[in-house]
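# Observations on the model geometry
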Amino acid sequence: MAYRMRLAKRMLFSKKGSLVGAVLAVTVGILVIHVNFVIFQGLYDAMVRDAKDYSIGDVQITDESSLITKSDLAIIGWFERIPSVEAVAPRLSGTGEINVTKNGELIEETRVPVVGVDPMRDMRASTVHKTVNEGSYVFARNSIVLGSNVASDLGGAVVGDSVKLMVVDRWGEENIRRFIVSGIADSPGGQGFDYSVVVHIDTLRDMMAREGETSSFLVRMADSSQSAQVRDLFLRSFPSEDFVAETVEEAAESRLEGFRSGIAMINMIGYFGMMSSAFAIVTIQMMLVNGKTREIGILRALGARRRDVLIVFILQGMLIGAIGAGVGTAAGLGYTFYAKETKMSFNNSLALEVSYDWVKIIQTALTSFALAIIASLYPSYRATRLTPVEAIRAV
Amino acid sequence: MRNLSKVYGHGESRVVALDDASFEVHRGEFVLIVGSSGSGKTTLLHMIGLLNTPTGGSVVIDGTDTTWLSNNKTASFRNRRLGFIAQFSNLLTDLTVLENVMLPRQIAGRRGDGRIKDDAMALLRAVGLEAQADSRSNQISGGQAQRAAIARGLINNPSIVLADEPTGNLDSVSSYNVIELMKSTAKRLEQTFVVVTHDPGQFGDVDRVITVHDGRVSERRKLEPVVGSIGSGSGSGSGSGSSGGVVR
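Residues numbered from 1 in each chain as written. Chains lettered and ligands numbered in written order. Predicted model: local features only at pLDDT ≥ 70, side-chain atom pairs only at ≥ 80, totals over all residues. Heavy atoms only, no water.

## Some words on helix α12 (residues 358-385) of chain A
- Taking 1.5 Å of rise per residue, the 28 residues of α12(A) would be expected to cover 40 Å, and the 41 Å separating its terminal C-alpha atoms lies within 8% of that figure.
- The largest bend along α12(A) reaches roughly 30 degrees and is located at L377(A), with the proline P379(A) sitting one to four residues downstream. (Helix = DSSP H or I, 4+ residues; strand = E, 2+ residues; numbered from the N terminus. Expected span 1.5 Å × (residues − 1). Bend = angle between axes of the 7 residues up to and from the residue.)

## A closer look at unusual backbone geometry
All names here are of chain A.
- In this model, A209 sits at a positive phi of 55 degrees, which is unusual for a non-glycine residue.
- Along the chain, the position of A209 falls in the loop between α6 (201-208) and β9 (216-221).
- With relative accessibility at 23%, the residue A209 sits in the partly exposed group. (Buried < 20%, exposed > 50% of the residue type's maximum accessible area, 1.4 Å probe, protein only.)

## Thoughts on the domain arrangement of chain A
- Domains assigned within chain A are domain 1 (2-50 + 256-392) and domain 2 (66-241).
- Taking only C-alpha atoms, the centre of domain 1 of chain A and the centre of domain 2 of chain A are 51 Å apart. (Domains from an automatic or database assignment.)

## Here's the deal with the packing of helix α3 (residues 72-80) of chain A against helix α7 (residues 227-237) of chain A
All names here are of chain A.
- Contact pair α3 / α7: the axes reach a minimum separation of 12 Å and the direction vectors enclose 130 degrees. With respect to each other, α3 and α7 are oriented oblique. The element α3 and its partner α7 pack so that their crossing is right-handed. Of the residues in α7, those touching α3 at I75, W78 and F79 are V230, L233, F234 and S237.
- Residues that form the contact of α3 with α7 fall into these classes: six nonpolar, one polar and no charged. (Axes fitted to C-alpha atoms, helices over the stretch in contact; angles between N-to-C directions. Parallel < 35°, antiparallel > 145°, perpendicular 65-115°, else oblique. Left-handed = near helix turned anticlockwise from the far one by under 90°. Contact = heavy atoms within 4.5 Å. Nonpolar A, V, L, I, M, F, W, Y, C, P; charged D, E, K, R; others polar.)

## Brief notes about the confidence of the model for chain B
- Mean pLDDT over chain B stands at 81; residues scoring 70 or higher make up 86%.
- In this model residues 224-248 of chain B is a low-confidence stretch, pLDDT under 50, and it forms 68 contacts with partners more than four residues away in sequence or in other chains. (pLDDT = per-residue confidence, 0-100.)

## A closer look at the interface of chain B and chain A
- Counting residues at the interface gives 29 residues for chain B and 24 residues for chain A.
- When the area that chain B buries against chain A is broken down by residue, the three leading residues are L92(B), D94(B) and I107(B), summing to 27%.
- When residues in the side of chain B that touches chain A are grouped by element, the largest group, six residues, is from helix α2 (residues 71-81) of chain B.
- Grouping the constituent residues of the side of chain B that touches chain A by class yields 12 nonpolar, 11 polar and six charged. (Buried area = accessible area lost by both parts, 1.4 Å probe.)

Here is the structure:
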């Protein structure tokens, strides 16, 4: 085998242009997969991350048909006994109409989703308060945080402005309250409360006439890997209630489902790209075989069997695959590292959640290596079909 | 070779490259095959070298009828029993001179790179190329390349060394040196050489000259023998121990 490997190496490295071309083909194939993964999987993971950080938590508790009527303390107390749970926060959701007046004059009015939070618990269970770039998070019963889009819709409302929020309660009565804008929330990609307003949960409960009721509980885990166990444990502990407990992936399924199909399609396109690289290798190796007819003739005249010639050219395919997989993986990892370190985002949208998926990285490298070998089969076979006389005539 | 023929094409495009050629070459003989361009002498050499299959007749080497050998056995036979020297670009340019000489024995699958290297170095020393052993084969002169090809042709102790116009691409001094090397090797090792040439005058005295004309072996001429006995079966080192190194 040693002489065949030596020949394969020397013959390949003597045609540097072809070698570079073939390696580049494999490299580009791998790089496309890595770039796709970083961007699309990164976007997907960023959406999951933001859903977890802002609206769902690691586990979300809701009621199957309406609002949760069990008291906050009972639910929160149950969760806080579990060591892997870090924090739990209740939220109440509704809709309302908001307007802003300045100098007695109505500036603008708009319809908005309203979220009620328990500020102290919410700041522990979620990071949505960090999206408040101007002012501060909800801190009093009459303070309100406006999403940046809402503030914009209200003609550029700013911190300190006085706004009126109207909510229709459970009995159909309109309930109007005045609030002072304590902060403006603006999150990259609009995954936070950019399109909502946030008030104290007790205030919203009062306005909606939903005393002690809750739309959902965000459960933040100290160890996310325990989410499924905690979910199951919760459901087993309240068998007679109509609770729905979901992990973040389950709760966000409806909004991530389409995206996941998109990722699958992009990955497929990536693998088609890799197959195009394989065709490039076939072409380049055919050129290598044609350029080495003389050598094949000499080898055959010296008694090399067809199998020996086949092995030499398959070894070349393996070398191309190995070098290409190495260079491509290194380039892909370089890109991934860059994207992770710079918290890459596009047009100031949400920062990609970049991760190193080693299984996928190894799988991609091995696939391209295998494809390079498969791509070398036909040229290698063609090399063996040269009869000694035919080949030696080129000598 | 017995009743050997080679026909290319069919019908009106039928070309008879070799027609009913029969002759014998004995161990240790230095034989020239001469003829004009296109006469069929290279076709004849390729038949002896098992590089081309005959349309009819047979090639028997060391008692083995090569007609019915499989592809793999033919390759193996070629590797172990035959040495080749071509006119141009004999060596693999991607390898060093030493690696070129070692190659036939490595193809044979013999183990022990150290031993193969020692033998190859001994042969390079014998052809005066010890200093060029580690040079790339495209960095040496045409004459040196042919001498390296002779060393490579001898590495497996073949029954016959076949040379196709070995001096066709060399100047007169290099040609003389290569011919002298072949003849002295033939004499020293009782090595059979079959050489195709269009210029037999360069070779001086040889055992025999076979003339090919329009595909027919039309002339056989016995010259003064360079080596003593013909068909003695001794000392060629073919390792076969079979029928006296006879090519019929």
